[in-house]
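# Remarks on the overall topology
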Amino acid sequence: MSLLVVEGASKRYGNVVALDGVSLEVAAGSRTAIVGPSGSGKSTLLRVIAGFEAADSGKVVLDGTKLCDDGFATPAHRRQIGIVSQDGALFPHLSVSDNIGFGLNGDARDRKGRILELLQTVELEPSMAERRPHQLSGGQQQRVALARALARKPKLMLLDEPFSALDASLREHMRRAVARMLHTANMTAILVTHDQSEALSFADQVAVLRGGKLVQAGTPQELYFRPFDGETAHFLGEAVVLDADIDGAIAECVLGRIPLDAPYPPGRARIMIRPEQFSMSDAKTDKYGSVGCPGQITFVEFGGAAWTVAVSVAGGTPVTVKVNSALAPAVGDRVRIDVAGRAHVLPG
Amino acid sequence: MSSAADIHPLAAASARPSGRVAGGRPYAPVVAAAACVSLVSLIPLGFIVWVAIQTGWTRIVELVFRPRIGELLVNTALLELFTVPIAIVLAVALAWLIERTDLPGHRWWSALAVAPLAIPAFVHSYGWVNAVPSLHGLPAAVLISVLAYFPFIYLPVAAQLRRLDPSVEDAAASLGKTPRQVFLQVVVPQLRLAVLAGSLLVGLHLLAEYGLYAMIRFDTFSTGIVDVYQSAYNSPAANMMGGVLLLCCFLLLGADSWLRGGERYARVGPGAQRPPIRRSLGALALPLMALPLVTAILSLGVPLATVARWLTFGGARVWPVADIASAFVQTLALAVAGGLLATLAAAPAAWLAVRAPSRLQRLFEAGHYYVGSLPGVIVALALVTVTVRLVFPLYQSYATLLLAYVMLFLPRAMAGLRASLAQAPLELEQAAMALGKSPFAAVRRITFPLAAPGAAASVALVALGITNELTATLMLSPNGTRTLATEFWAMTAELDYAAAAPYAAMMIVLSLPLSLALHSQSERFAGQ
């Protein structure tokens, strides 16, 4: 069942179209990531859902209640939607416990117990309660912001790039922790981010926004392996896009005949393969008896876990391949390339 | 991908002003309030235009093209032309020595370079007239003006020197520039805006100041206007001189914006910046220490010594406790009331400037700032005429005096409030609303507490200005008003310098903590 339904949301600022008829459904208890380059309208969509901006047209329905429709918008404080923003937006003049208790009503004893419970939910020590926001690290501030938003038991939690202000190692840790906390609290959440890997690993559903339009929405695997167009493919990760002749469930391209993820009508099309799908072997020794496509290495770059290798295949087409970092590829080496898994035809 | 995102037209959307509430309703009542204040601030300008129309061209020519006006104009121009450059050289030299060399005790010198601001200009004058009775004419005016006003240039220049990124200087050095070339080609050009901002302030003060020049009998436009006004109030002659003075102000403002051009202060980037490099003075340290030392002796020592000398000579006779207490209480009451009113009046425009910047808002802001750059005499002349003609019951009332204070110190209140409202970003209010608070409750519980310290500071800044204000107070205050400044002035007019000393001392004692607080705040803003 869909908890949140956005239908044809549009918003412009003067001549600039920020949202152009975006429709999105979010299932109860799920995590959705809205991802897109800066200026794609993802923050505007979030602010329309939160009630900080009113859409020019379109509907937002939460749990069967209309939040906004043409010319009508429920103000933010009556929406029962929690939000955690990029820098946490903690109130600097209040202690951690007063920040968390800010949205709570009810008597003082209840309140104290609830605040301690929330500190526990976000995995913070009770001793933190009397600290002030400036005495907390970035990660701790985000935990407090999450606890503060959880306190009112909102129906929906919005996360507006909450990890982008953290450094890389902490970011990953916090992303997992937040996913766990949301799961514990059985909370439906929408994450807005420009970081595709964050979106893919955090969410059950990923929605890609570009130029104010929703390009594609689906599971992370669906979007990664079956993107709608080349731009989406490149946005979600490195991709090799090749021209091919389609013949049923087989694509004929410079790499040879490659099986497709689904049968397509015959003709010319563009197919996408992820670099991890390739394996590379030395053409001379050819220990594995590869039947792959021959080529020559034109570029190598060491990246820790893997080499990024560019191989020029028939007709000079460059193909990017990820290779086990224990190997030692060198420019000029003659190699063969095999493809594991299936290629995907880009419909867009 | 990121390069494609950068050129995407929608990237502009993220730069839009975020100052609208849901549904894009503008803050209509706030806009109306800011418009009202802006209209009131136009009274002095409107007054001059109205007088000019009333007077008629032939009469204007008669009143303006007189030898007396020419004399005042020459005096004022010479005062500006000598004082501003000397003050710039002194302030930049001091700021460089204090901020960028290993001069021993630079923290103390820095405080001493700002402290002269705590002494009202006419008390500087009082100090010098007593110390060197033969002082008179242009040299005396320039000397005292430089000593009283150079901190206005020192403050922004020192702040800018602290803020400059040393890596730029390193880059210049690595390109083969000698330290001297680095200073002249890299550092000095970056000080331009700070020097301009300070010089404009000094220039406007030179035009506006009455007490300083009246005491050494040096005639400028402001003293000339007050003289004419005192002999025959509401005379067309005084009003026309006011018109010429207003033109001088606009000339300065225009020159400033022309010199400034399209440049703006560079934004300070995030992240820690290395502290600036301090040059080692070596054996020159002691001789060079003479500069801040002599400056401090002349700008602080002379007025303070005079006050102290008269206090000891005068003994108990000069401490009529009841009189002084009453002047103190009246001053404090006027200062606090004026400070509160000015802060209230500035609030709508400050709010719009932070939350909903727009073309209209910039117009309001310009109105708020222009009126503060007007000399007290012009504001006073305008209010006298308006009250006499239109609302006589308000003539020489406290309401009119407070209105003059609000107009004169509106920019101070604006600056303080803007900074404090910026402490309470819209995001926090929205966070409160997302937590179920109504917009009103969000403002009350989040924005007010966060902005309160800054608002209090702006009340204090205005109060400080009012405590040391003389011209408008003399011209507008109701009969029987006795403030520290007017009592001081009355005593010195009778040449009873001993009796004036306690009032001077009280004004300095009231101002000193605030001036030093201002100094430490500017250091903090520079990220040190």
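Residues numbered from 1 in each chain as written. Chains lettered and ligands numbered in written order. Predicted model: local features only at pLDDT ≥ 70, side-chain atom pairs only at ≥ 80, totals over all residues.

Attention shifts here to the overall build of chain B. When you go through chain B residue by residue, the secondary structure sums to 24 helices and zero strands. Dimensions of chain B, computed from the C-alpha atoms along their principal axes, are close to 80 × 65 × 50 Å. A separation threshold of at least 6 residues defines the contact pool for chain B, and within that pool the share at least 24 residues apart is 82%. (Helix = DSSP H or I, 4+ residues; strand = E, 2+ residues; numbered from the N terminus. Contact = placed C-beta atoms within 7 Å.)

For the rest of this paragraph, the subject is the domain arrangement of chain A. All names here are of chain A. Entries for chain A in the domain assignment read domain 1 (2–234), domain 2 (238–272) and domain 3 (275–339). When each unit is reduced to the centre of its C-alpha atoms, the spacing between domain 2 and domain 3 is 20 Å. Taken together, the contact pairs seven residues of domain 2 with 10 residues of domain 3. Broken down by class, the residue content of the side of domain 2 that touches domain 3 amounts to five nonpolar, one polar and one charged. (Domains from an automatic or database assignment. Nonpolar A, V, L, I, M, F, W, Y, C, P; charged D, E, K, R; others polar.)

All names here are of chain B. If you check the domain split of chain B, you get domain 1 (46–263) and domain 2 (319–493). Placing a centre on the C-alpha atoms of domain 1 and another on those of domain 2 gives a separation of 23 Å. Between domain 1 and domain 2, the contact holds 23 residues from the first and 19 residues from the second. When contributions to the side of domain 1 that touches domain 2 are tallied by element, the ones reaching two or more residues are helix H7 (121–131), helix H11 (192–208), helix H12 (211–215), helix H13 (221–231) and helix H14 (236–260). Considering each element in turn, the side of domain 1 that touches domain 2 owes the most residues, seven residues, to H14. Taken together, the residues of the side of domain 1 that touches domain 2 sort by class into 18 nonpolar, five polar and no charged.

All names here are of chain A. Here we have five strands laid out as an open sheet, ordered E2-E1-E4-E5-E6, and antiparallel in their pairing. Only two strands of the sheet have a single partner each, and these edge strands are strand E2 (16–27) and strand E6 (72–73). Pairing analysis gives three bridges linking strand E4 (residues 57–62) to strand E5 (residues 65–69), with the strands arranged antiparallel. Each residue of the ladder has a partner; that of Val 61, found in E5, is Lys 66. (Pairing = 2+ DSSP bridges.)

All right, on to the pairing of strand E17 (residues 318–324) of chain A then. Moving residue by residue along a regular strand, the side chains alternate between the two faces of the sheet. All names here are of chain A. Sheet topology note: the strand E16 (residues 306–313)/E17 ladder contains seven bridges and is antiparallel. From the neighbouring strand, Ser 312 faces E17, where its bridge partner is Pro 318. Hairpin connection from E16 to E17: four residues lie between these consecutive antiparallel strands, with Gly 315 at a positive phi of about 80 degrees.

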